[in-house]
Number of protein chains: 4
Amino acid sequence: MTKTSCLSRLKRIEGQVRGIGRMVEDERYCIDIVTQIQAVRAALKKVEEEVLKDHVSHCVEHAIQSGDADEQREKIAELMQVLGRL
Amino acid sequence: MTKTSCLSRLKRIEGQVRGIGRMVEDERYCIDIVTQIQAVRAALKKVEEEVLKDHVSHCVEHAIQSGDADEQREKIAELMQVLGRL
Amino acid sequence: MTKTSCLSRLKRIEGQVRGIGRMVEDERYCIDIVTQIQAVRAALKKVEEEVLKDHVSHCVEHAIQSGDADEQREKIAELMQVLGRL
Amino acid sequence: MTKTSCLSRLKRIEGQVRGIGRMVEDERYCIDIVTQIQAVRAALKKVEEEVLKDHVSHCVEHAIQSGDADEQREKIAELMQVLGRL
């Protein structure tokens, strides 16, 4: 994902969150609000996965090419933590 | 959750999404961006659960009190769908 | 899901768990073991969803037909809890 | 997790799956069956995380020490896939 596309997605998500605020203000039906929140959470998850993919192909790849074992260990530990495991 | 507290939470989340955009723009470290996205997703999930709790204590409760079996079936079907099951 | 199909699925899952034990004993490659565990977790989730679907179409439907508001409230509370929400 | 403890956990899980089969056979209350399935899924997830932790401290660590960039890339790709991301 290019930086530009990531930024435009986040811009859209920001607008969607504002939209949810309006739905709450207008006392729209709860289930519709929940459905919209779920859509935004899914959109955020997608951005997250793209940033992670970028991270692996740049920072982790950099650590591999550096041949620096300590940097590699650190990158793995970070990845595992951010992926919510271990 | 009162409407006011829900709106103020969404306002904060909107600001956090904007903050993530700035992190991307400033090319901050990927893992920090991912961590921040995860925080916003968790915050949104919390709002979602509060709206759902409200839904159950108002709309679902209303369907129960109405004694209208069809309305009750509809509420259950909606709940199951929004909870991502069945 | 009929009781018979549910039982035969559980039988298969039991065999799969035994198979994972053998993989561990044979010191098979970790990633293969993890993949197999994930398959079993997915199979269990499917049985779980089927039992839940049954529950809604029988027990919850029974509560609706009974017209007993307290029983309906109890069923909703149980559902929300088992769905891990609220 | 030692191999022995992993095996004894899997043995227990196998017994729990068999127990769920008996609950289905005895037509026990759906919610109790679902709760039990969720407990087994959680137990399996724990074994999975332990196997993964072992994997990182052995196989991934081995790839780091080998200094072999291709092996390191392969290990990362495997990890990301099994963690359900990318």
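In case you missed it, the structure is sitting above this.
This one's a predicted model, so the numbers in the text were calculated from it and none came from an experiment.

Participant: Could you give an account of the packing of helix α2 (residues 30-66) of chain C against helix α2 (residues 30-66) of chain D, with specific residues and numbers?
Facilitator: It is the contact of α2(C) with α2(D), at a shortest axis distance of 9 Å, that shows an interaxial angle of 165°. In terms of orientation, α2(C) lies roughly antiparallel with respect to α2(D). Seen along the crossing, α2(C) lies across α2(D) with a hand that is left-handed.

Participant: A description of the environment of D:V34 should follow, citing residues and the corresponding values.
Facilitator: If you trace the backbone, D:V34 turns up in helix α2. D:V34 sits in the buried class, given 23 other C-beta atoms within 10 Å. Each C-alpha atom of the pair D:V34 and D:D54 lies 30 Å from the other, and the pair is 20 residues apart in sequence. Excluding anything up to four places from it in sequence, D:V34 contacts C:E48, C:V51, C:L52 and C:V82.

Participant: Report on helix α1 (residues 3-25) of chain C, specifying residues and quantitative values.
Facilitator: Here α1(C) is 23 residues long and its end C-alpha atoms lie 33 Å apart, about the 33 Å a rise of 1.5 Å per residue gives. If you follow the buried residues of α1(C), they end up packed against α2 of chain C together with α1 (3-25) of chain D. With its phi angle positive at about 50°, C:E27 sits one or two positions after the end of α1(C).

Participant: Which residues make up the interface of chain A and chain B, and what values do they have?
Facilitator: Contacts between chain A and chain B engage 33 residues on the former and 33 residues on the latter. Only α1 (3-25), α2 (30-66) and α3 (69-82) of chain A provide two or more residues apiece to the side of chain A that touches chain B. A breakdown of the residues in the side of chain A that touches chain B according to their chemical character gives 19 nonpolar, four polar and ten charged.

Participant: Provide a residue-level description of the relation of the copies chain A and chain B, including the pertinent values.
Facilitator: Between the two copies of the chain lies a relationship made up of a rotation around an axis and a movement along it. Least-squares fitting of chain A to chain B yields an RMSD of 0.0 Å, with the transformation described by 0.0 Å of translation along the axis and a rotation of 180°. Such a combination of rotation and displacement between the chain copies is what one expects of a two-fold axis. The share of interface residues of chain A whose copies in chain B are also at the interface is 100%, consistent with both copies meeting through the same surface.

Participant: Describe the interface of chain C and chain D, with residues and values.
Facilitator: Facing 33 residues of chain C, the contacting portion of chain D comprises 33 residues. Elements that contribute at least two residues to the side of chain C that touches chain D include exactly α1, α2 and α3 (69-82) of chain C. Class assignment for the residues of the side of chain C that touches chain D results in 19 nonpolar, four polar and ten charged.

Cut-offs and rules
Residue indices begin from 1 for each chain and proceed along its sequence in written order. Whichever chain is written first becomes A and whichever ligand is written first becomes 1, with later ones labelled in order. Side-chain atom pairs in this predicted model are given and counted only at pLDDT of 80 or more, local residue features only at pLDDT of at least 70, and totals for whole chains, interfaces and linings cover all residues. Interaxial angles span 0 to 180 degrees and are taken between N-to-C directions of axes, which are lines fitted to C-alpha atoms, for helices over the stretch in contact. Numbering of helices and strands starts at the N terminus; helices are DSSP runs of H or I of at least 4 residues and strands are runs of E of at least 2. Our angle categories are set so that under 35 degrees counts as roughly parallel, over 145 as roughly antiparallel, 65 to 115 as roughly perpendicular, and the remainder as oblique. Helix crossings fall into two classes, left-handed where the near helix is turned counterclockwise from the far one by less than a right angle and right-handed where it is turned clockwise. Any residue with 12 or fewer other C-beta atoms within 10 Å of its own C-beta is exposed, any with 20 or more is buried, and the rest are partly exposed; the C-beta atoms used are placed from the backbone. Residues are scored as being in contact if the C-beta atoms we place from backbone atoms lie within 7 Å. Given the number of residues in a helix, its expected span is that number minus one, multiplied by 1.5 Å. Under this grouping Gly is polar, as are all residues other than the nonpolar Ala, Val, Leu, Ile, Met, Phe, Trp, Tyr, Cys and Pro and the charged Asp, Glu, Lys and Arg. What sets the superposition is a least-squares fit of C-alpha atoms, and only residues with pLDDT of at least 70 in both copies go into it.

In short, shape yes, function no, at least from these values alone.
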